[in-house]
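What the coordinates show
Chain by chain, the residues run as shown.
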Amino acid sequence: MDIREEFLKFFESKQHARVPSAPLVPDDATLLFNNAGMVPFKSIFTGEVPAPANPRATSCQTCIRAGGKHNDLENVGHTARHHTFFEMLGNFSFGDYFKEEAIAYAWEFITEVIKLDKDKLWVTVHESDDEAEELWKKHIDAKRIMRLGDKDNFWSMGDTGPCGPCSEIFYDQGAEEFNGPEDYMGGEGDRFLEIWNLVFMQYEVKEKGGERLPLAKPSIDTGMGLERVVAIKEGATSNYGSSLFMPIIQRVQELIGKEYIYKSGASYRVIADHIRTTVFLLSQGVNFSNEGRGYVLRRILRRAVRHGYLLGFRKPFMHQLVDTLVAIMSDEYDYLEKKSEAVKEQIELEEARFFKTIESGIALFEKELQNTQDVFSGEVAFKLYDTFGFPLDLTQDMLREKGLKLDSQKFELLMQEQKSRAKAAWKGSGDDAVSGDFKALLEEFGSNEFIGYETTQSVSKVLALLDENFKRVERLERDAKGWVLLDKTPFYAESGGQCGDIGTLQCRANVVDTKKFFDLNMSQIEVTSYIKEGTNVDAIVDISRAEITKHHSATHLLHAVLSDVLGEHISQAGSLVEASRLRFDFSHPKALTKDELQEIENRVNELVARSISAKTEVLPIQEAKKSGAKSQFGEKYGDEVRVVSFGDASIEFCGGVHVDNTANIGSFIITKESGVSAGVRRIEAVCGLAAYSYFKEQRALLHTLEHEVKNLDVLAGVNRLKANVQELKLALKEAQEAVKVEIKTEDINGVSVVVEEFPSGDIKEKIDELKNQNEKLCAMLFQVKGDKVLLAAGVKGCDAKAGDWIKKIAPILGGGGGGRPDFAQAGGKDKSKLPEAKEEALKFIKEVLA
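So, a few notes on the structure that sits alongside this text. (Residues numbered from 1 in each chain as written. Predicted model: local features only at pLDDT ≥ 70, side-chain atom pairs only at ≥ 80, totals over all residues. Heavy atoms only, no water.)

Scanning the protein chain from terminus to terminus reveals 23 helices and 37 strands. Expected size for 850 residues packed as a compact globule is a radius of gyration near 29 Å; at 40 Å, the protein chain overshoots this value by more than 25%. Reported as C-alpha extents along the three principal axes, the dimensions of the protein chain are approximately 140 × 75 × 50 Å. Considering the protein chain as a whole, with its 850 residues, one finds that 51% of them fall into the buried category. For the protein chain, the share of sequence-separated contacts (at least 6 apart) that also reach a separation of at least 24 residues comes to 66%. For the protein chain, the computed accessible surface area is about 40400 Å², with 46% contributed by carbon and sulfur atoms. Separation between the mean location of the 109 positive side-chain charges and that of the 135 negative ones in the protein chain comes to 5 Å. (Helix = DSSP H or I, 4+ residues; strand = E, 2+ residues; numbered from the N terminus. Rg over C-alpha atoms; globule rule 2.2 N^0.38 Å. Buried < 20%, exposed > 50% of the residue type's maximum accessible area, 1.4 Å probe, protein only. Contact = heavy atoms within 4.5 Å. Areas by Shrake-Rupley, 256 points an atom, 1.4 Å probe, with all protein chains shown as cover. Lys, Arg positive; Asp, Glu negative; His and termini not counted. Charge placed at Lys NZ, Arg CZ, Asp CG, Glu CD.)

Okay, structure coming up:
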């Protein structure tokens, strides 16, 4: 039985709209991940936006709980029911039906559709909720209904906002397997397994610690753990024994060659859980990094690798589990298969990095254990983190196994000194949360119309104005800043990597940005005179839009070319499109070569030169997918999507603005290629006017170089400089070596005589130096230069003549020369005769001085 599909079909039969699972990265600045089925509907429950036309919804939402308030990480693998990644089935009522229908639907589904044994079902209600108890008595024996307090059966979104009592459904797994001290109804054991929580949102708290006020339209939020129900239906007493996990555990068994035994198999279960989280996050565009969501991802993978190490793995193995997971989950989540090759490469790279240091890190850990009685050194824990890449919770895991604590204060102190941002990774996305009068605007006006595909200017009516704090005002005065809602707007709101438009509301305000808030396209303005609601204004998009379109269309061409040149594993991991540049992040395991970058740049420019016309269609989403159009995970697509194509070169889902023809792009120049994180590369490029500016900068640089090297042929000039540098280096080396040469002198009748080979340096300068050092001197120095020999003679304070000496010796070396009585020099061609020449030179001068 496909529990997931049966659930969604059941609630569709109860007039609920089936809503696809939202991305794991939520549209909520206060959360790292979607951690419950209701998160995508949070703005409806809080009243920020109106309820949809159909006030009933059902979904199977992928969730992650691995940090912050909702953190199951420590329990994963050690209990039968905790996971970092799980699927939550839910049905929701936005001010429509309430307790009676919610309870009836739940009972009907579990007893008639999936046919759980009624005798094994128990229910809890809040201690004050008489209504819920009476409603449950219509379906279940009163003896199987328990009342519990706020801790167990009252739900609130936070200190303020919607809240209410809840009712939980439990399944008794029997005393045969579960007979511990906590295995009683209401205890912490696993015998009585909570499978479904029905939240009755009937109150609202408007200020912290304030009174619970009744809601005018109470709502329903329910959540059922898919993994738990699948395990029950398959007769497994642990979620990990179900078909959602066992194929992964069996694959780990195959790879390590050791049998999985449940009692001692926590490491197998940790790996099976963590590969799910890792693959889903990577497939949805989250990448390994040292902060935010990417750091949570890194922690989870490294935790799994460490458990693999405990099993005996000594090289990357997690990537070999991807295909098994894809086989289990891809029918429901088809993007897993599409991204699988890129995901495997990213995982293997990250694993390899950690395996390089894990052994040394564990050795350091074990060494410090010998010095630890109760509290492990925070300094060593920091070194494990900083030097060996051990996330803090991995070290804490290892200590927990030993029953030891960590000196967290010291660790945190060192982290602060290091200015680490890891701690901030648990506090949310880092974005500013936005709240304002959006619900009222939606209820009054609905979504405004974007007309910017057809025109860049219009006469539009000011429907509403918001101040800087997003509070509605009737008028904004000169120099004020705020936001404007136009009935129809040519300004594109930031989305899909493309920046928001700027421009003017002529004679009234400058538009400095445009963003979307809950389907409201709003422009941020700086008022130049005054502006008020109800006014008609001339809305004019800045001419920079033309340059934005060039960069956006070039990004599509680049995406297509990357897939052709590097392979189908290429997957977009992020983008930025502005008037002056584009940036494109994509999955690829290694840096691109110069040849690859040149080919990519050439092929994009070839597509530009082909003058391919753009084609834009709005298609049903299934038809668009069948066309082969590329889509970006995490973007919100409706039943119909806009598809932008340039011939057969590029087809993508896209709501952005583009050129009419690739020729309008002008030219495409790659300015930089770099790494973003493990397995993710980035290309930066310029087009249109920005490309021309880049060209001018390069031309100016070239002219500067021509001037500096004093040659219009820059390469020739540079080569000449390089040759000069080499000559100078050689001369310097020779001079340095010459200083080290020891010159031996011999006294003959009171005259210092030198006949030596001088390997490097200036012979004449050396002879002058010797003259300065001696009152009477006869010196002859020889120096080999390639195949030739240089020789020079110097005489001071005696009757010998340098010229005669040179004329006597030079012929021996196959050369000739001469000079003055005090100095002479010559060159020879036969260096093999150097020993003979030296011998004759000494003999000659001895005869002269005798």
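Okay, the packing of aromatic side chains next. Centre-to-centre distance and the angle between the planes together describe a pair of aromatic rings. Here the structure, examined in full by the defined rule, presents 35 aromatic pairs. Note on Phe 109 and Trp 196: the rings are 6.1 Å apart at their centroids and 85° apart in plane angle, and the pair reads as edge-to-face. With Phe 109 in helix H3 (residues 99-113) and Trp 196 in strand S10 (residues 192-205), this pair connects stretches of sequence that are 87 residues apart. Considered together, Phe 109 and Trp 196 belong to a single accessibility category, that of buried residues. Considering the side-chain rings of Phe 280 and Tyr 333, the 5.3 Å spacing of their centres and the 80° angle between planes classify their relative orientation as edge-to-face. Residue Phe 280 is located in helix H8 (residues 266-283), and its partner Tyr 333 is located in the loop between helix H10 (322-329) and helix H11 (335-369); the two are separated by 53 residues in the primary sequence. (Phe/Tyr/Trp six-rings, centres within 6.5 Å; stacked < 30°, edge-to-face > 60°.)

Counting residues in each nonpolar core, the largest one holds 110 residues, and the members touching the most others are Ile 110, Trp 136, Trp 196 and Met 318. Examining the composition of this core, we find that 10 residues originate from one element, H11, more than from any other. Apart from residues lying up to four places away in sequence, Ile 110 is in contact with Lys 115, Leu 116, Leu 121, Ile 169, Trp 196 and Met 224. (Core = buried A, V, L, I, M, F, W, Y, C linked by side-chain atoms within 4.5 Å.)

As summarised here, the arrangement of the three strands in space is S27-S28-S29, forming an open sheet in which the pairing is antiparallel. Edge positions in the open sheet fall to strand S27 (614-620) and strand S29 (650-653), since each of these has one partner strand only. Within the sheet, the average angular offset between the axes of one strand and its neighbour, ignoring direction, is 20°. Two elements, strand S28 (residues 640-646) and S29, share four bridges in a ladder whose sense is antiparallel. Within S29, the position partnered with Val 643 by the bridge is Phe 653. (Pairing = 2+ DSSP bridges. Axes fitted to C-alpha atoms, helices over the stretch in contact; angles between N-to-C directions.)

In this section: the environment of Gly 389. The topology assignment puts Gly 389 in the loop between helix H12 (378-386) and helix H13 (392-402). You can call Gly 389 buried: its relative accessible area is 19%. If we ignore the near neighbours within four places in the chain, the residues touching Gly 389 are Arg 302, Phe 354 and Leu 384.

A separate point is the pattern of salt bridges. What the rule picks out here adds up to 43 salt bridges. Between Glu 350 and Arg 302 there is a salt bridge, with its nearest N and O atoms 3.2 Å apart. With Glu 350 in helix H11 and Arg 302 in helix H9 (residues 292-311), this residue pair connects regions lying 48 residues apart in the sequence. A relative accessible area of 0% means that Glu 350 is categorised as buried. The exposure class assigned to Arg 302 is buried, which follows from its relative accessible area of 10%. Asp 397 is the salt-bridge partner of Arg 400, the closest N and O atoms lying 2.6 Å from each other. Of this pair, Arg 400 and Asp 397 both sit in helix H13, three residues apart, which is roughly one turn of that helix. Owing to a relative accessible area of 39%, Arg 400 belongs among the partly exposed residues under this scheme. (Salt bridge = Lys/Arg side-chain N within 4 Å of Asp/Glu carboxyl O.)

Of note, Ile 763 is situated in helix H21 (residues 763-773). We classify Ile 763 as buried; its relative accessible area is 8%. Taking the C-alpha atoms as reference, Ile 763 lies 64 Å from Gly 567; in sequence the two are 196 residues apart. Leaving out residues up to four positions away in the same chain, Ile 763 has contacts with Phe 758, Leu 781, Phe 782, Gln 783, Leu 790 and Ala 792.

Burial runs high along strand S22 (residues 520-527): six of the eight residues are buried. Two strands pair when backbone bridges link them, and strand S18 (residues 481-486) and S22 are joined in this way by five bridges, in the antiparallel orientation. Among the inter-strand pairings, Val 484 is bridged to a residue of S22, identified as Ser 523. Bridge count between strand S21 (residues 509-517) and S22: eight bridges; the pairing is antiparallel. Paired with Phe 517 across the two strands is Leu 520, which belongs to S22. Connecting the antiparallel pair S21 and S22 is a turn made up of two residues, with Phe 518 showing a positive phi of about 50°.

Our next topic: helix H22 (residues 802-809). Along an α-helix, residues three or four apart share an orientation, since each turn contains 3.6 residues. Listed as buried for H22 are Ala 802, Gly 803, Trp 805, Ile 806 and Ile 809. The arc that holds every buried residue of H22, seen down its axis, measures 160°, which confines them to one face. Turning to H22, the residues buried within the fold contact strand S33 (751-757), strand S34 (777-785), strand S35 (788-796), strand S36 (816-819), strand S37 (823-828) and helix H23 (834-849). (Arc of directions from axis to C-beta.)

Attention shifts here to unusual backbone geometry. Despite not being glycine, Asp 479 shows a phi value in the positive range, around 75°. By the secondary structure assignment, Asp 479 is in the loop between strand S17 (475-477) and S18. In this model, Cys 507 sits at a positive phi of 65°, which is unusual for a non-glycine residue. Examined against the element boundaries, Cys 507 turns out to sit in the loop between strand S20 (503-505) and S21.

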